[in-house]
Amino acid sequence: MLQFDVVTLFPPMFDAITESGITGRAREKRLYELVLWNPRDFATNSYRAVDDRPYGGGPGMVMMAEPLEKAVSAARQRQISAGARKPRMLYLSPQGKLLTHALVKELAAEQGIVMLAGRYEGVDERLIARLQDDGAEEVSIGDYVLSGGELAAMVVMDSVIRQLPGVLGDAESANQDSFVNGLLDHPHYTRPEVYEGTVVPPVLVSGNHAEINRWRLKQALGRTAQRRPDLMAQLMHKRALSADEQKLLDEFRKEVQGA
Ligand code: 4FV
């Protein structure tokens, strides 16, 4: 069972993960565990303060190192006693490496993941340096600023939990997600067959599964080339497109031009 421990000033936010949907059911099925740690419970000063004014001045507040370090060590200790020999330690921040599908797959193979969700302007850099000396990684979910690391921690959890065996209904669906083969997903349709005058692509109601899979691959290749040339470049850096894939991409481009 994958162990998650998160240090956060707002534990109730994680109900969004544990109380609903696929991730809620996965917790009920004990496919992962989540323990939340509030640094305020580790604050030693009389005000139980966990933040203070920034040295050098400037707006906002900075999270103090000590309460956080104590919370992180308690989380790590719990993970080790729960059997996660070498818990992975992540600090969520815009300064981190970008979360990708490859990193998600890696994290899903871990026994334990400890995450630090910051608030205010950020965390005292000396704590980040100490955690990194201990092997911690800084991870970002994207180039924008959140009001806290909690949503980022939940993005990591949701994307990782989906990869765990037994979480998704038919095992297939995680393997058909976007980015699994480095491509964007193909379009999806459901009833009614005609909506506002637009008909579902006929191939999808043909029952010809070889043709359906061919159409879906063509759409995934075409949409990736059209919308995310960076992803297509990444893919082609890893491997050349097969002759059939190139043919499908050319077909897609002709259809788009013709459209
Ligand atoms: C963030 C991100 C992020 C920065 C200051 C929390 C905020 C505040 N975390 N990916 N983008 N964090 O914006 O992970 O404390």
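Cut-offs and rules
- Residues numbered from 1 in each chain as written.
- Predicted model: local features only at pLDDT ≥ 70, side-chain atom pairs only at ≥ 80, totals over all residues.
- Heavy atoms only, no water.
- Patch = residues over 30% accessible without salt bridge, like charges linked within 9 Å, V, L, I, M, F, W, Y side chains within 5 Å.
- Areas by Shrake-Rupley, 256 points an atom, 1.4 Å probe, with all protein chains shown as cover.
- Salt bridge = Lys/Arg side-chain N within 4 Å of Asp/Glu carboxyl O.
- Helix = DSSP H or I, 4+ residues; strand = E, 2+ residues; numbered from the N terminus.
- Buried < 20%, exposed > 50% of the residue type's maximum accessible area, 1.4 Å probe, protein only.
- Polar contact = N/O pair within 3.5 Å; in protein donor to acceptor, adjacent residues only side chain to side chain.
- Contact = heavy atoms within 4.5 Å.
- Near = heavy atom within 4 Å.
- Nonpolar A, V, L, I, M, F, W, Y, C, P; charged D, E, K, R; others polar.

Brief notes about a nonpolar patch on the surface
A surface patch of nonpolar side chains, about 270 Å² in accessible area, is lined by Tyr-144, Leu-146 and Leu-151. Along the polypeptide, Leu-146 turns up in the loop between strand 7 (137-140) and helix 6 (150-161). Using a relative accessible area of 31% as the deciding quantity, one classes Leu-146 as partly exposed.

Focus on the side chain of Glu-150
With respect to the element layout, Glu-150 can be found in helix 6. At 2.7 Å, the side chain of Glu-150 and the side chain of Thr-8 are in polar contact. If we ignore the near neighbours within four places in the chain, the residues touching Glu-150 are Thr-8, Leu-9, Phe-10, Met-13, Phe-14, Ala-117, Gly-118 and Arg-119.

Some remarks on the site of the ligand
Near the ligand you find 16 residues, and of these Tyr-120, Ile-141, Gly-142, Tyr-144 and Leu-146 are the closest. At 3.2 Å, a backbone N or O of Arg-119 approaches an oxygen atom of the ligand. Take Tyr-144: an N or O atom from its main chain is 3.0 Å from a nitrogen atom of the ligand. For the ligand, whose free accessible area comes to 370 Å², the fraction covered by protein is 94%. It is strand 5 (residues 88-98) that provides the largest number of residues to the shell around the ligand, a total of 3 residues. For the shell around the ligand, a count of residues per class yields 9 nonpolar, 6 polar and 1 charged.

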